[in-house]
Amino acid sequence: MCGIAGIIGNNARNYQEEIQKMTDSLIHRGPDSSHYEFYDNAALGHRRLSIIDLSDNGKQPMFSNTKNECIVLNGEIYGYQDIKRQYSEYPYHGSSDTEVILAMYQRKQEKLIHDLPGMFAFAIWDDQKQQLFCARDRFGEKPFYYAIGSNNEFIFASEIKAILASGLIQPKVSTEALDHYLQYGYVSSHQSIYSNIFTLPPAHQLIWKDGKITVSRYYSIPAKDRVISLSDAKEEFLYLLKNAVKKQLIADVEVGSFLSGGLDSSSVVALVDEFLPHQTTISFGYDHKDNELKFAKEIADKYKTNHIEVHEKKEDLVTSLLKISPFFDEPFADASFIPHYEICRAARKNLTVVLSGDVGDELFGGYHFYTVENKLKKHFSYQNMIAQFGLKLYQKLKPTSFLTQKNLQFSSIMDFHLNDVRNAFNKKERNLLGVSADYLQSYSFTPDPNSLNDIMRVDLENYVPANMMVKSDRMAMANSLEVRTPFLDLDFAEFCIQLPDQLKLNDHNDKIILREAMGSYWTDTIRKRHKQGFGLGVKNWFAENNLMNFSNDLLKDPNHKVFNYIDFKAAQQFLDKDERHWNLLQLALWADHNKSVL
């Protein structure tokens, strides 16, 4: 895992100072070394976290054998040894996965992207074509930002802070991104918080040539469900997941696993054991009665892992926020980033690479609200105009059920999902705050508003890259740790996406396919578990005086920078020690960290 940066423009060697500032700002992503390479019109920079081919043969920026092409890559190409054999005509200099992409480029040019697995964000400068080719992985595991500088330079980097460090752009806050953040607590994966700094969306490629930028989608997730029996699905599920885990264990350093004691991480640890006995596992828990450490220990004992328990006495929250939140570069309200940072920090003391059980909920139907949406759709009032008319009259006399209320309020389960689930501020409240710009993200498919599986597909293209992968990448990289996500292996993820929803959940159970395929790998206690949150929740946090005092310092000061973007008086209505309050606090904290450029 690494940090990449570049400046494309005339007389690129004149940008030596700028490219160094950019890569210096990314030292947390790659503490092992720093390198730059220059062509007449391209400056490329790289910070390295050594994982594969620890020798100088693996260093970047990496030239091709002809020196015509040069690549900077952030990520891992899983199964690269097999790809290398397919491109055996290339005269390889080392044994890194990066060099495989250069071999593919020489034969297939930009079409290589269709055959490239793994998590990645990369840029290849082709000196003969005077062209830059960039791409980002299909599920948005690795970040890629770009901007046009004051002298028409094309600037790109792994993080926004590196683009700002170049000194070549004055950022402007995007009201559309602000609207999305206030609604969901994160910025969409198709935009950045700044209107003049852009993100390359997941599954997209970018070509810069002659000062023109062309961005296009190269991959769409499977849009149709398969017809498959449970017994066949179990067999294929297990085969594909084993293969995914096996591929992601390849490294020239030790690979460990996060272990929460939930179904997803327990499954990953169980399958790692088949290839890597006595693996290192790491569990994290705050010292309170509801932590999950006891469940994790059951699995660790079952598979005789080298188990590390991190018992965390929650440090002063304000200290944590001031230390951690700058790594995001954008406002980010998922409160679990604090424990996530701490487990990554603990893992880095022993490991450089860790496997995670992320994205199981979206692939297997694990969230409680998916079950609620399934019940909403089956309720007699769902899209039944006559029933709803009667119920509207009835509810004036007597209270109605939650399902009835939501079916009266929303036109479909998709409408409910997008405008109620994980929402902080609704449209009316955002207007009160003075943010009226609407932002609607596009998808690689046309969602059916009544499809439970399409809701999960939407989450894979919205929530996963913009929230989950941002949290995973930034918190891991803040600690110079590489986190890999076996569930996002392309073959495995595509299989799960296409499973009919009845193999994922019903009225009584969630994650049916995972339970059926992996149940024998767990202990009895784990088999009976359902999802548990990570951390204590913001209502408990706001009970602490220091956090309230900090909130007051930021959100009760009408001269604070954040009130250049939201209305001060309206904001005072939402300081109720809840999710909306937390959302505003993170926004103010972001504005505070970035006041020098805002």
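Residues numbered from 1 in each chain as written. Predicted model: local features only at pLDDT ≥ 70, side-chain atom pairs only at ≥ 80, totals over all residues. Heavy atoms only, no water.

S.K.: Please explain the environment of Ile 19 as it appears in this structure.
M.R.: Along the chain, Ile 19 turns up in helix α1 (residues 16-24). For Ile 19, a relative accessible area of 0% gives the class buried. Each C-alpha atom, one on Ile 19 and one on Met 119, is 24 Å from the other, the two residues being 100 residues apart in sequence. Those residues within four positions of Ile 19 in sequence are excluded, and the remaining contacts are Ala 5, Gly 6, Ile 7, Tyr 36, Phe 38, Ala 43, Leu 44 and Gly 45. (Helix = DSSP H or I, 4+ residues; strand = E, 2+ residues; numbered from the N terminus. Buried < 20%, exposed > 50% of the residue type's maximum accessible area, 1.4 Å probe, protein only. Contact = heavy atoms within 4.5 Å.)

S.K.: Explain the pairing of strand β9 (residues 154-157) to me, please; I cannot follow it from the model alone.
M.R.: Each regular strand shows side chains that alternate between the opposite faces of the sheet. Residue alternation in β9 divides its side chains into two sets, Phe 154 and Phe 156 and Ile 155 and Ala 157, and both sets are buried. Sheet analysis places strand β1 (residues 2-8) next to β9, joined by four bridges and oriented antiparallel. Within β9, the position partnered with Ala 5 by the bridge is Ala 157. Pairing geometry for strand β8 (residues 145-148) and β9, over four bridges, is antiparallel. Bridged to Ile 148 within β9 is Phe 154. A loop of five residues connects β8 with β9, the two strands running antiparallel in sequence, and Asn 152 in this loop sits at a positive phi of about 70 degrees. (Pairing = 2+ DSSP bridges.)

S.K.: What exactly am I supposed to notice about the state of the cysteines here?
M.R.: Such a bond, covalent and formed between the sulfur atoms of two cysteines, is termed a disulfide. Overall, the coordinates contain zero disulfides when judged by the stated rule. Considering cysteine sulfurs only, Cys 70 is the nearest to Cys 2, which forms no disulfide, with 14 Å between them. Its relative accessible area of 6% is what places Cys 2 among the buried residues. Of all cysteine sulfurs, the one in Cys 2 lies closest to Cys 344, which takes part in no disulfide; the gap is 17 Å. We classify Cys 344 as buried; its relative accessible area is 0%. (Disulfide = S-S within 2.5 Å.)

S.K.: Please clarify how the layout of surface pockets should be interpreted in this entry.
M.R.: The probe, sized like a water molecule, is rolled over the atoms to show the empty space still left. Taken as a whole, the second largest pocket holds about 270 Å³ of empty space. Every element with two or more residues in the lining of the second largest pocket is listed here: α5 (175-184) and α15 (413-419). The element that contributes the greatest number of residues to the lining of the second largest pocket is α5, accounting for four residues. Of the residues assigned to the lining of the second largest pocket, the class counts are five nonpolar, five polar and four charged. (1 Å grid on protein atoms, 1.4 Å probe; cavity = no way out; pocket = protein on both sides within 12 Å on 5 of 7 lines; lining within 4 Å. Points joined across faces, edges and corners; volume = space filled by probe spheres on them. Nonpolar A, V, L, I, M, F, W, Y, C, P; charged D, E, K, R; others polar.)

S.K.: Quick question: what am I supposed to make of the packing of aromatic side chains here?
M.R.: One pair of aromatic rings is described through two measures. These are the centre distance and the angle between the planes. If you walk through the whole model with that rule in mind, you get 32 aromatic pairs. On the numbers, 5.6 Å between centres and 25 degrees between planes, the contact of Tyr 146 with Phe 154 is stacked. With respect to burial, Tyr 146 and Phe 154 carry one shared label: buried. Geometrically, the ring pair formed by Tyr 367 and Phe 369 is stacked, given 4.9 Å between the ring centres and 20 degrees between the ring planes. Three or more aromatic residues link up through ring pairs in this structure, and these residues are Phe 144, Tyr 146, Phe 154, Phe 156 and Phe 198. The ring centre of Tyr 367 lies 5.0 Å from the NZ or CZ of Arg 422, which sits over that ring. Here Arg 422 stacks its cationic end above the ring of Tyr 463, 3.5 Å away from the centre of that ring. (Phe/Tyr/Trp six-rings, centres within 6.5 Å; stacked < 30°, edge-to-face > 60°. Lys NZ or Arg CZ within 6 Å of the ring centre and 35° of its normal.)

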